[in-house]
Amino acid sequence: MGALTSNRKRGNDFFSSNCKSPLSNLSKKLKLSALNPPLPSKSTVQRFFKYPDPINPIRREVHAPCRKLRFGFKQTKSNSVNYKGVSEYSGSEMGNCLSRKHEETKRSDFDGLRKDIEVKDIDGDDAKEGFFEDSSIEEVEAWGCKNSDFDIAAADANGFEDLSIDELERCCEKSDLLGQEVDDDVQILDDYDGNDLSVLTTGLDDGNVKEESVGKMIDSLAMNPTSDSYFYVPLYRKLLGSVEKISDNLKRLQFQIGLNEKSLETNRLLRPQKKEEQVIEDAISEPFVPLTEEEHDEVSCSLSKSNRRKVLVTHKNSNIDITGEILQCLRPGAWLNDEVINVYLELLKEREKREPQKFLKCHFFNTFFYKKLISGTGGYNYQSVRRWTSQRKLGYSLLECDKIFVPIHKEIHWCLAVINKKDQKFQYLDSLRGRDSNVLKVLASYFVDEVKDKSGKHIDVSSWKQEFVEDLPEQKNGYDCGVFMIKNADFYSRDIGLCFNQGDMPYFRMRTAKELLRLKAD
Amino acid sequence: MAEGSRKFIKLKIKAQDDTILHFKVNPSTIMKDIFMSYSSKKQMMNYKVFRFFFDGKRLSPKKTVNELGLKNGDEIDAMIHQDGGGSACNY
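In every chain, residue numbers begin from 1 and rise along the written sequence. Whichever chain is written first becomes A and whichever ligand is written first becomes 1, with later ones labelled in order. Reporting of local features is limited, given that this is a predicted model, to residues whose pLDDT is at least 70; pairs of side-chain atoms are given and counted only at 80 or more, and all residues count toward the totals for whole chains, interfaces and linings. Heavy atoms throughout the structure, all of them, feed into the side-chain values; hydrogens and water do not.

Chain B appears in an unreviewed UniProt entry as Small ubiquitin-related modifier from Solanum commersonii. Taken directly from UniProt, the Sequence similarities (unreviewed entry) text for chain B runs: "Belongs to the ubiquitin family. SUMO subfamily." UniProt positions are given in the numbering used here, feature names are shortened, and annotations may be inferred rather than shown by experiment. Its UniProt record, at the heading Subcellular location (unreviewed entry), says of chain B: "Nucleus".

Going by what an unreviewed UniProt entry lists, chain A is known as Ubiquitin-like protease family profile domain-containing protein and is assigned to Solanum tuberosum.

Helix and strand counts for chain B come out as two helices and six strands. Secondary structure elements follow DSSP: runs of H or I no shorter than four residues count as helices, runs of E no shorter than two count as strands, and numbering proceeds from the N terminus. For chain B, the N- to C-terminal ordering of α and β elements is α-β-β-α-β-β-β-β. Burial statistics for chain B: of 91 residues in total, 42% are counted as buried. Pairs of residues are marked as contacts when any of their non-hydrogen atoms sit within 4.5 Å. Counting contacts in chain B only where the partners sit at least 6 residues apart, residues at least 24 apart contribute 56% of the total. Type-normalised accessible area, obtained with a 1.4 Å probe on protein chains alone, sets the label of each residue: buried when under 20%, exposed when over 50%, and partly exposed for intermediate values.

Bringing the environment of Met 31 of chain B into the picture now. Residues and elements named next belong to chain B. Within the secondary structure, Met 31 sits in helix α2 (residues 31-41). For the pair Met 31 and Leu 68, spaced 37 residues apart in sequence, the C-alpha to C-alpha distance is 9.1 Å. For Met 31, the residues in contact, after removing those within four places along its chain, are Leu 59, Ser 60, Pro 61, Lys 63, Thr 64, Val 65, Leu 68, Leu 70 and Ile 76.

Turning our attention to the sheet that holds strand β3 (residues 50-54) of chain B. Residues and elements named next belong to chain B. Here five strands make up an open sheet; going across it, the order is β2-β1-β5-β3-β4 and the pairing mixed. A strand with exactly one partner marks an edge of an open sheet, and here the two such strands are β2 (20-25) and β4 (57-58). Both strand β1 (residues 9-14) and strand β5 (residues 75-80) contribute to a ladder of three bridges, which runs parallel. Considered in β5, the bridge of Ile 13 is made with Ile 76. Axis geometry follows a simple rule: fit a line to the C-alpha atoms, using only the stretch in contact for helices, then measure angles between N-to-C directions, giving values from 0 to 180 degrees. Contacts from α2 reach β1, β2, β3 and β5 within the one sheet, and its direction differs from that of β2 by about 145°. Strand pairing requires that DSSP identify at least two bridges connecting the strands.

Glancing now at the pattern of salt bridges. Here a salt bridge means any side-chain nitrogen of Lys or Arg lying within 4 Å of a carboxyl oxygen belonging to Asp or Glu. What the rule picks out here adds up to 35 salt bridges over all chains. With its nearest N and O atoms 2.6 Å apart, the salt bridge here joins Asp 338 of chain A to Arg 51 of chain B. With Asp 338 of chain A in helix α15 (residues 338-354) and Arg 51 of chain B in strand β3, this pair bridges two chains. The exposure class of Asp 338 of chain A is buried, given its relative accessible area of 0%. A relative accessible area of 8% places Arg 51 of chain B in the buried class. The partner of Asp 18 of chain B in a salt bridge is Lys 14 of chain B, with the nearest N and O atoms 3.8 Å apart. Since its relative accessible area comes to 29%, Asp 18 of chain B is described here as partly exposed. Assessed through its relative accessible area of 13%, Lys 14 of chain B is described here as buried.

Residues and elements named next belong to chain A. Across the chain, each position has a pLDDT score giving the predictor's confidence in that residue, from 0 to 100. Per-residue pLDDT for chain A has a mean of 71; in total, 54% of the residues score no lower than 70. Here residues 113-166 is a poorly scored stretch, pLDDT under 50, and it has 100 contacts once near neighbours within four places are set aside; other chains count. Taken together, the stretch residues 222-227 has pLDDT below 50 and engages in 21 contacts with residues farther than four places along the chain or on a different chain.

So, about a nonpolar patch on the surface. Candidates for patches are residues over 30% relative accessible area with no salt bridge; among them, like charges are joined within 9 Å and nonpolar side chains (Val, Leu, Ile, Met, Phe, Trp, Tyr) within 5 Å. Residue-level accessible areas treat just the shown protein chains as cover; the underlying method is Shrake-Rupley with a 1.4 Å probe. Taken together, Ile 246, Leu 250, Leu 253 and Ile 257 of chain A make up a surface patch of nonpolar side chains, about 380 Å² in accessible area. Along the chain, the position of Leu 250 of chain A falls in helix α11 (residues 229-270).

Time to look at the nonpolar core. Residue and element names in this part refer to chain A. In this description, a nonpolar core means a group of buried Ala, Val, Leu, Ile, Met, Phe, Trp, Tyr and Cys residues linked to one another through side-chain atoms lying within 4.5 Å. One finds Leu 330, Leu 336, Phe 405, Leu 429 and Leu 516 to be the most contacted residues of the largest nonpolar core, which totals 47 residues. Mapped onto this core, the elements with two or more residues apiece are β2 (320-323), α14 (324-327), α15, β4 (362-364), β6 (413-420), α19 (481-493) and α20 (505-518). Top element by residues in this core is α19. It accounts for eight residues. The residues touching Leu 330, leaving out its near neighbours within four places in the chain, are Leu 303, Leu 336, Val 340, Arg 509, Thr 512, Ala 513 and Leu 516. Formed by 35 residues, the second largest nonpolar core is a distinct cluster that contains Tyr 370, Phe 447, Val 461 and Phe 468.

A few words now on the packing of aromatic side chains. Under the pairing criterion, centres of Phe, Tyr and Trp rings, with the six-membered ring standing for Trp, must be within 6.5 Å; the plane angle then separates stacked pairs below 30 degrees from edge-to-face pairs above 60, leaving the rest tilted. Using the criterion set out here, one finds 24 aromatic pairs over all chains in the structure. With a centroid separation of 5.7 Å and 75° between ring planes, the pair formed by Tyr 428 of chain A and Phe 468 of chain A is classed as edge-to-face. Of this pair, Tyr 428 of chain A sits in strand β7 (residues 425-429) while Phe 468 of chain A sits in strand β8 (residues 465-468); the two residues are 40 residues apart in sequence, bridging distant segments of the chain. There is no split in this pair, since Tyr 428 of chain A and Phe 468 of chain A are both buried. Connected via pairs of aromatic rings, a cluster forms that spans Phe 365, Phe 368, Phe 369, Tyr 382, Trp 388 and Tyr 446 of chain A together with Phe 53 of chain B.

Next up on the list: α2 of chain B. Residues and elements named next belong to chain B. Residues of α2 that are buried: Met 31, Ile 34, Phe 35, Tyr 38 and Ser 39. The arc that holds the buried residues of α2, viewed along the axis, is 135°, so those residues lie on one side. Where the residues of α2 are buried, they touch β1, β2, β3 and β5. Backbone geometry just after α2 places Gln 43 at a positive phi near 55°. By arc we mean the arc of the directions from the helix axis to the C-beta atoms, nothing more.

Set out below in structure tokens:
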């Protein structure tokens, strides 16, 4: 039965092409050889199965000497036509044929099961055709790629409907009429696809509904409906089959993704501190806001030598004049002086007063406090600083502060001590990892005396931890300790970790200079 | 004479090494004059090497004794300027 159907098809081919070329004989032979395997049935599954079988016999036949002769004869003819066709009118056919090949290779990549067979066959064909088609392949390849992509898209876009077998047949006829070179291509390519061709034609003749999609495909390729489309179809069907398999997997995966996303969302909802994390992130980015170009210029100008004598700003509250000379300690590589540090610490206090909800309640002693405290005989003299912290002078009580910052000046080094009332500990921060337990001892006794003097109560600080902070940014040179010190105070008053390092120092110098010039710390 | 002596205020300036210098000044005296006098006695050419504090509050050299509210017998702290980078610091 199958033989009959395939014969019918070959009859068609014969009618359409035998008057134009001697190719019809060839095609007949080819198809006969292709028909060797059992007959195709309507079932697509069976067709898939049977597809690869006929390939091997074809290959062998191609290598046969008699065929070579015929090809040789034909070559001269088709060669000229092909070249003309490419340059004049049938570029589309050529391109289509090649694009189809291109598509097939593409598809074969997707279709893992049949990959090996198809790719090999195509390669073999190319090798055979190479004599007279190589040049045109190269010329049209790019175009073919585009075209094929477009075709696939168009086919997908079109809904599968109103397809008639008539249409398909018309297409076949058209392509048959299109000329010899097309037939030529078809036959050569049919070397391996002959069986598929017959499969298609049987389906066509029987009016199989499934085959309608084939017509649709051809329809979508309206630009150049050729007989090539015949062997395009099985590949398309195969692809469809594999796509169905993949889409099953995709569905499963999509479901899992949806499930995971939902569980993630519920987890997020279960964690209300998410917002707080956001706030902390903002707080961390705030100390690193880059200077605008304007600010940068202003700072560079103020740091220039021409401003040495000029009083740039005066901090009223602390009666400190910042001259250009004093500010120049903020140039890279310079040592920080007490004036800059003291004004900056005043600015930190003003900042906290401005936005009390954002910063911890802090007190910043000036750089001379500790020196004064340890002056005199015995290395500790509370009386000399007793009047430094009266409520009238400060405007607030020292004892209600969360943190009390005490800058420590050690001959040529700056470090920082903190009376951390919030966490009940005394901290010592040295960017060079120095330790001075005497500082913490002195501060502990100071705090006890201070509480006693100001509130009349006795406080026991023996349980308070005396901590030499190890987890802090390390200074890697001999001049930045002042910047480290003021930034330690800055970050601690924000109640965030010391998340900066040596690399940030040039920026901090510029930023501090800007803040001093504006008399406003951010 | 009694009127004149009442006008004068006695101030003490205490150095970091606890040495005290006594000054008898007019309430309308600008602080800068006192600072310069102190500096010259300490063999310093520039008074700006000192920071003068009263009870922890920095004294502006531009203001007068009266403006700063200094009373008879008040003790001013004279601190030498500080700077540091930490290069040669040993513990």
